[in-house]
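# Breakdown of the fold
Residue-level listing of the chains:
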Amino acid sequence: MNHINVVIAGAAGQGVQSAGDILGKTLLRLGYQVFIAQDYQSRVRGGHNFISVRFSDEPLAAPVRRADYLLALNEESVGLRLGELAPEGLAFCLEAAKGSRTDQRLRALPDSVGPEAARGEKFAAVKLLSMLFAGLGFKPEVLAGSVKKIFEGRLKPELLRANLDAVAAVAAFIEAKDVRAPAFQPKAAARGGPSAGRLLVSGNDAVSLGMAAAGAGVYAGYPMTPSTSILNTLGTAGPRLGIAVEQAEDEIAALNIAIGGSYAGVRSACGSSGAGLSLMAESIGLAGITETPVVIYDGQRAGPAIGMATRTEQSDLLPLVHSSHGEFPRAVISPADHYDSFYLAAEAFNIADAWQVPVFFVNDLGQAGSERSVEEYDLSRVRVDRGLFAPEPAGTAMLARYAVTESGVSPRAVPALSNWLVSCDSHEHDENGRLTDDKDNRVRQQAKRMRKLAGMAASFPGPEILNPGKPDCLLAWGSTVGPLLEAVNMRGAAFSVAVFRYLFPLDPEKVRRALAGFSRLITVEQNYTGQLGKLLAMDCGLRMHSHLGKYDGRNLTVEDALELLGSLEGGKP
Amino acid sequence: MTCNYDFHQPQWCPGCGNFDLLVCVKDALCGANLGPRDFIMVTGIGQASKLGFSVKCNLFNGLHGRALPLATGVNMANHKVKLISVSGDGDYYAEGGNHFIHAARRNLNIAVFAGDNRVYGLTKGQASPTASPEFTTPIHPEGVGGKPLNPALLALASGATFVARSFTGNKEELTGLMKQAIAHRGFALVDIMSPCITFNKTNTFGWFKQRAKPVGPEHDASSFDAAVSLVSREQETIPTGLLYKADRPVYSDRFSALKGEALARLAPAYSPDRVKPLFEKYK
């Protein structure tokens, strides 16, 4: 695929993130497709962080490792990242960061270039961006426009002026031999507007928008990477959209808030990462036995315990399928890209309401934090179905909240807004929601609840099979799908790929049918044990040939996926 | 109004303080003009929490210690409905201690009735956070030690805007305080000395009766300092009655989204189109 990959590297606090924002937004507005991946450490200052901004004329769903340009904000970054620069690539840095290096690809900018008011490391990000833009043959006015748009009001006028003057001055510094216009042009903008109708969103942005579109009115969480940005986005939008958002005292409170909100009649959700989900475990069972619809977001990261706070993993699948003691129905769904992150997040509420169960919406840090350009989400595609409600009685009456039904779903009502009295109980309870340990009642109620599993599984689509009909099928979910598909297509599409979005409950027949006829089934997951394969063995009686696992905590790149495929072709998975 | 909240017969030991608690809760609800559908009761786990099953009403019986965050969610969805929580000392002050602090800090609009018998009844006789240092159990044969948690002081320190203490042996006072707590706009705690006749042979009905003494008119319940001083003083008597009352914005006041109708009425009509303006930021 035609693309250019720009790596911006530096210490935390040096402006890596801001430079990435400026570059990403500018490319979006020029009409390019963009994918931005983050690689950062859990610290506020120092260390080594980098961000990869990849752009193309085609939609992008994965990061790549190899850089065409390196913008090194400090000397350490030159040393650490030069190895991934293409032989014909270019690295830009300030003269002070060059050290004694003589690499032919390095272009060091003397501090004297640009206005007096823009000297020193503080201006490195904007100056190196200006070098990049000149190198790409883009007009400096384009970058200046973005800098102005992003920083106007955030920076003092004189500082903004210094930045804008630096952009103009530095652009002239690039020699003609270093100017290489991209070999591809943005496709004609279909819908016009500043970004050709596209949005540049992170996975978490998409999830937040999807939740809001679904009509969520209560959201709670405790700050934890990589789920915090959903709290921020919904919290900030809350006053405007009518969403009550709370930073709970802990994750147990967060889920109980969501359960309370849902009981009182509002679509409610909470979010955290694996460790927070572990804390929530007992309350997950509370949602289960009280049959309270609730959406629980899990941004998976490398565990166990604190693990690696800013590193990705896909190791919560089996824990979530089994989370909490006892047996109760729940659903686990996972977005395979930034479109799912929006549409499936909205759909999660329909599943929760239709089946009155906790629904886990499972993302991973890699996808949660990566940004990509998407066609503006089509809000007419968002369906809102609140499920079964009991018809209003004439006078105050006790609702048979847990009436035994064939589907297992009982009509509900909103307490205090209806004449029904609604009683929910964490104990085993009778049809009216009052505690009892009667054995016949237990069997009736437990069987009623558990019947939902078969109904849900039947209502869920099976895996999507891409490149069907190849001898081998690779099974993937979450952020693995994007890079894997690109790698497979680079290898002549020699593999089929099964994309799992609806992970639990599974309809064994549907899954077996979709995966029938392949000589080998191979899971590709960012974990050690191959959790999807184990789930398929357990629930569908399927046996995997092998598991290609990656668990170093780094985003899966196209090159990583190619290496995994290579190991398969070499016969040593 | 005529009141009938009668529901399942409670299953406590004969003579349990919870029977008196139940009578007072029903009287207070009736006195506050709250019919069965006009409020939501949120309970936890423990003998006192079982009271909810004997009141005909909207009830969410949650997990041990987690009634208050659940109530917080109810309040976010419907800040118009009166919330009442009943549970015990183990639930509010041990398992749910963190939630108690934060619900008080937020000044959640809720009446919290804590049946405080200083012992775990449901699990048959372990020490609660309010048990005295000399209290012995099979787990603590040489006494619990430490210092008993002081619920009134904790509530004051945490930001509760209504703090009262009473005794199930003084039903008139208790019912009156419950009524005031229900009428209060904010986090209202009534810590209720309630004898467990089976598992607490130390803090008996007589023990509580001897010590529970209504505060006199000299106590200024509008003074935080006076309340703190009163409840932290080590003394032979335990002052009962209204200890502290203040007006402070309630939890839901911090949300402009909760200024008018309850979200429970508004949110079901939300259209997906309302997120469209948010897209601009990402262009």
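Here, every reference points to the structure presented above.
Here we summarise the structure given alongside this text.

Rules behind the numbers
Residues numbered from 1 in each chain as written. Chains lettered and ligands numbered in written order. Predicted model: local features only at pLDDT ≥ 70, side-chain atom pairs only at ≥ 80, totals over all residues. Heavy atoms only, no water. Helix = DSSP H or I, 4+ residues; strand = E, 2+ residues; numbered from the N terminus. Rg over C-alpha atoms; globule rule 2.2 N^0.38 Å. Buried < 20%, exposed > 50% of the residue type's maximum accessible area, 1.4 Å probe, protein only. Contact = heavy atoms within 4.5 Å. Areas by Shrake-Rupley, 256 points an atom, 1.4 Å probe, with all protein chains shown as cover. Lys, Arg positive; Asp, Glu negative; His and termini not counted. Charge placed at Lys NZ, Arg CZ, Asp CG, Glu CD. Phe/Tyr/Trp six-rings, centres within 6.5 Å; stacked < 30°, edge-to-face > 60°. Lys NZ or Arg CZ within 6 Å of the ring centre and 35° of its normal. Pairing = 2+ DSSP bridges. Axes fitted to C-alpha atoms, helices over the stretch in contact; angles between N-to-C directions.

### Quick notes on the overall build of chain B
For chain B, the helix and strand inventory stands at nine helices and 10 strands. Taking 2.2 N^0.38 as the reference for a compact globule, 283 residues should give roughly 19 Å; the C-alpha atoms of chain B span a radius of gyration of 20 Å, in line with that estimate. Across its three principal axes, chain B shows a C-alpha extent of roughly 70 × 45 × 40 Å. When burial is assessed residue by residue, chain B has 59% of its 283 residues classed as buried. Relative to all contacts within chain B whose residues are 6 or more apart in sequence, the contacts with residues 24 or more apart total 71%. A total accessible area of about 11,000 Å² is found for chain B, and carbon and sulfur atoms account for 54% of it. Both charge centroids of chain B, one from 30 positive and one from 23 negative side chains, sit 7 Å from each other.

### Quick word on helix α17 (residues 531-540) of chain A
In an α-helix, one turn spans 3.6 residues, which is why side chains three or four residues apart end up on the same side. Listed as buried for α17 of chain A are Gln-531, Leu-532, Gly-533, Leu-535, Leu-536 and Cys-540 of chain A. With its phi angle positive at about 65 degrees, Gly-541 of chain A sits one or two positions after the end of α17 of chain A.

### Overview of the packing of aromatic side chains
Following the criterion strictly, the structure yields 25 aromatic pairs over all chains and no others. For the pair Tyr-251 of chain B and Phe-255 of chain B, a centre-to-centre distance of 5.3 Å together with 80 degrees between the ring planes defines the contact as edge-to-face. A relative accessible area of 3% means that Tyr-251 of chain B is categorised as buried. Three or more aromatic residues joined by ring pairs form one cluster here, namely Tyr-32, Phe-55, Phe-133, Phe-138 and Phe-184 of chain A. In this structure, Arg-81 of chain A is placed above the aromatic ring of Phe-50 of chain A, and the distance from its NZ or CZ to the ring centre is 3.8 Å. Stacked on the ring of Phe-328 of chain A, the Lys or Arg Arg-330 of chain A has its end atom at 4.2 Å from the ring centre.

### Looking at the sheet that holds strand β17 (residues 423-425) of chain A
Across the sheet, nine strands lie side by side as β17(A)-β2(B)-β1(B)-β3(B)-β4(B)-β8(B)-β7(B)-β10(B)-β9(B); this open sheet has mixed pairing. With partners counted over all chains shown, the strands left at the sheet margins are β17 of chain A together with β9 (212-214) of chain B, one partner each. Within the sheet, the average angular offset between the axes of one strand and its neighbour, ignoring direction, is 20 degrees. Of the strand pairs in this sheet, strand β4 (residues 110-116) of chain B and strand β8 (residues 187-193) of chain B are connected by seven bridges, and their pairing is parallel. By the bridge assignment for β8 of chain B, Val-112 of chain B is matched with Leu-189 of chain B. Of the strands in this sheet, β17 of chain A together with β1 (39-43) and β2 (58-61) of chain B are in contact with helix α9 (residues 251-263) of chain A, which crosses β2 of chain B at around 160 degrees. Where helix α6 (residues 171-183) of chain B meets the sheet, it contacts β3 (82-88), β4, β7 (162-167), β8, β9 and β10 (238-245) of chain B, and its direction lies at approximately 160 degrees from that of β7 of chain B.

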